[in-house]
Amino acid sequence: MKLTLKIWRQENAKAKGAMKTYQIDGIEGDMSFLEMLDVLNEELINKGEVPVEFDHDCREGICGSCSLQINGEPHGPDRLVTTCQLHMRKFNDGDTIVIEPFRATAFPVVTDLIVDRTAFDRIQHAGGYISVNTSGNTIDANSIPVNKHDADDSFNAATCIGCGACVAACKNASAMLFTSAKVSQYALLPQGQVEAVERVENMVRQMDLEGFGNCTNTGACEIECPKGISLENIARMNREYLSATSKG
Amino acid sequence: MGIISSSIARKVAMALSGLFLVLFLGQHFTINLTSTFSPETFNEFSHFMGTNFLVQAILQPVLIFGVIFHFVMGFILEIRNRSARQISYVSYKGSANSSWVSRNMIYSGIVILAFLGLHFYDFWFPEIAYKYIEGNPADATRYYGELVEKFHSPVRTGLYVLSFIFLALHLYHGFASSFQSVGFNNKYATALKKFAKVYAIVIPAGFIFIALFHHFNH
């Protein structure tokens, strides 16, 4: 497969970036998108050029490290996959592929295709936890009965890997889907009730402080989320927030 | 102002003001529809709305506040949302994951705002001048004639029809999504959202029918 790649190159956070065009040949359909970039980087290194920098870690869709806006969509044209799970068979010989970093004021570019997503970490730190006594007398979580439906919804919310595709897809660069997933996974469980009020208030406050946009219910985040996190979580977070603010 | 300073509070405020305006729209449509089959009924309703103290002194200011709040908040949100992505994508495929109407609420909203300017110029300002500035005596039979006279002009009728199309687009996303904004997402939500989508088409289509009816029948 022969491809034309248009890739965002930016030396560092302060440098002015630009799109650069590369030609690449010999790409197999069974390769992952990141393996295709590995091939490109080998060629660039052999030519003495600076390789394209991009985030990656587990390469099996669970760590949330890989990102990339591919032909205008986060994680590319496939659904329910991360960039590392995207296969080159989704593209055709002769295609031009535009590869950009996730764009959001709260996700500044570090270099090339790598963005700083620590804003998500700070939202988590603001309330994405529960208080459990871990000094040796911890009660087994399974000893507390949980409604099956709530347990499933909580688990589904907890599958969010924090990749940032929701922000990248949203026309407003809103982080509501991510924040709502992190709020929901605890809001649905008895263990999460102790800090319920502070959690949603603090996480939403931090989300706003980071400079993410406002949700306008376009639903793009849900469609592009590699883990299928549902918009129901945003409705739940809105309820939690209204309930928390009414309690003062 | 504490609650309105958060993104969720702004979202809920937009939804509630929008829902209020949707309710008003239904009431406005119901009264206007009577003009197509009973000029007397239309005159009676209009006279009541135009002279009732509760409507004039309380509901009307609340409505005007609701309209102003909704569009001012809409502009504030648009500015904030644009600043949340200061560097645009070279390639952004919004059509792959969201509807055109949901991504362009600001533009359909601006058209509706411009229409409100025309609508106030046509009906509200003359009405206020007639009653409160010129101090004319109450006339319960004048409303139907004033309505019909406005729709003689093909340009005005065309502008109204065009505006109602944009109103339908705005409502098609806005009405249904307001339930999501206020956190209403349970087993009844699907049916309610379907009703909202039907309402978003039927009410503006009804307004178009009324405008064309008076244009072609008089």
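Here is what the cut-offs are and how they apply
Residues numbered from 1 in each chain as written. Chains lettered and ligands numbered in written order. Predicted model: local features only at pLDDT ≥ 70, side-chain atom pairs only at ≥ 80, totals over all residues. Helix = DSSP H or I, 4+ residues; strand = E, 2+ residues; numbered from the N terminus. Buried ≥ 20, exposed ≤ 12 C-beta atoms within 10 Å, placed from the backbone. Contact = placed C-beta atoms within 7 Å. UniProt positions renumbered as here; feature names shortened; annotations may be inferred. Pairing = 2+ DSSP bridges. Nonpolar A, V, L, I, M, F, W, Y, C, P; charged D, E, K, R; others polar. Domains from an automatic or database assignment. Core = buried A, V, L, I, M, F, W, Y, C linked by C-beta atoms within 7 Å. Expected span 1.5 Å × (residues − 1).

## Observations concerning the overall build of chain B
Next up, step 1: When helices and strands are counted, chain B shows eight helices and zero strands.
Next up, step 2: In chain B, the succession of helices and strands from N to C terminus is α-α-α-α-α-α-α-α.
Next up, step 3: In terms of principal-axis extent, the alpha carbons of chain B reach across some 60 × 40 × 40 Å.
Next up, step 4: Burial status across chain B gives 26% buried among its 218 residues.
Next up, step 5: Across chain B, contacts joining residues at least 24 apart in sequence account for 83% of those joining residues at least 6 apart.

## Structural notes on the UniProt feature "transmembrane region" (unreviewed entry) in chain B
All names here are of chain B.
Next up, step 1: Per the UniProt record, "transmembrane region" (unreviewed entry) is found at residues 12-33, 53-79, 100-121, 157-175 and 196-216.
Next up, step 2: Secondary structure across residues 53-79 divides into 100% helix and 0% strand, with the first and last C-alpha atoms of the span separated by 39 Å.
Next up, step 3: Segment residues 100-121 splits into 95% helix and 0% strand. End C-alpha atoms: 31 Å apart.

## Thoughts on the sheet that holds strand β3 (residues 69-70) of chain A
All names here are of chain A.
Next up, step 1: One open sheet holds the five strands; their spatial order is β2-β1-β5-β3-β4, and the pairing between them is mixed. Taken across any chain shown, the strands that pair with only one partner, and hence form the sheet edges, are β2 (18-24) and β4 (73-74).
Next up, step 2: The pairing of strand β1 (residues 3-9) with strand β5 (residues 96-100) spans four bridges and is parallel. The partner of Lys6 across the bridge, within β5, is Val98.

## Side note on the interface of chain A and chain B
Note: interface size is frequently given as the accessible area lost on complex formation between the parts.
Next up, step 1: Listed as interface residues are 39 residues of chain A and, on the opposing side, 35 residues of chain B.
Next up, step 2: Mapped onto the side of chain A that touches chain B, the elements with two or more residues apiece are β5, α6 (196-209), α7 (220-224) and α8 (232-247) of chain A.
Next up, step 3: Its residues assigned to classes, the side of chain A that touches chain B shows 16 nonpolar, 14 polar and nine charged.

## Quick look at the pairing of β1 of chain A
Along a regular strand, successive side chains alternate from one face of the sheet to the other.
Next up, step 1: Examined bridge by bridge, β1 of chain A and β2 of chain A share seven bridges and lie antiparallel to one another. The partner of Lys6 of chain A across the bridge, within β2 of chain A, is Thr21 of chain A.

## A short note on the domain arrangement of chain A
Residues and elements named next belong to chain A.
Next up, step 1: As assigned here, chain A comprises domain 1 (3-111) and domain 2 (117-247).
Next up, step 2: For domain 1 and domain 2, the distance between their C-alpha centroids amounts to 29 Å.
Next up, step 3: Contact residues are listed per partner, giving 18 residues for domain 1 and 17 residues for domain 2.
Next up, step 4: Broken down by class, the residue content of the side of domain 1 that touches domain 2 amounts to nine nonpolar, seven polar and two charged.

## A look at the nonpolar core
All names here are of chain A.
Next up, step 1: Ile99, Ala104, Cys166, Val167, Leu177 and Phe212 are the most contacted members of the largest nonpolar core, which has 73 residues in total.
Next up, step 2: Here this core takes seven residues from helix α5 (residues 176-187), the largest share from any one element.
Next up, step 3: The residues that make up this core include at least three from each of domain 1 (3-111) and domain 2 (117-247).
Next up, step 4: Sequence-distant contacts of Cys166, that is, excluding residues within four places in its chain, are made with Ala175, Leu177, Phe178, Cys221, Glu224 and Cys225.

## Thoughts on the pairing of β5 of chain A
Next up, step 1: As defined by bridge partners, β3 of chain A adjoins β5 of chain A across two bridges and the pair is classed as antiparallel. When the bridges of β5 of chain A are listed, Gln69 of chain A appears paired with Glu100 of chain A.

## Things to note about α8 of chain A
An α-helix turns once every 3.6 residues. As a result, residues three or four positions apart point the same way.
Next up, step 1: For α8 of chain A, with 16 residues, the first-to-last C-alpha span of 23 Å sits near the 22 Å given by 1.5 Å per residue.
Next up, step 2: Close packing links the buried residues of α8 of chain A with α3 (148-158), α5 and α6 of chain A together with α1 (7-34) and α7 (154-181) of chain B.

## Digging into α1 of chain B
Next up, step 1: When the terminal C-alpha atoms of α1 of chain B are compared, their 41 Å separation across 28 residues agrees well with the 40 Å that a helix rising 1.5 Å per residue should span.
Next up, step 2: Inspection of α1 of chain B places Ser7, Ile8, Arg10, Lys11, Val12, Met14, Ala15, Ser17 and Gly18 of chain B among the buried residues, and these make up the whole buried set.
Next up, step 3: Residues of α1 of chain B that are buried in the fold lie against α6 and α8 of chain A together with α3 (53-83) and α7 of chain B.

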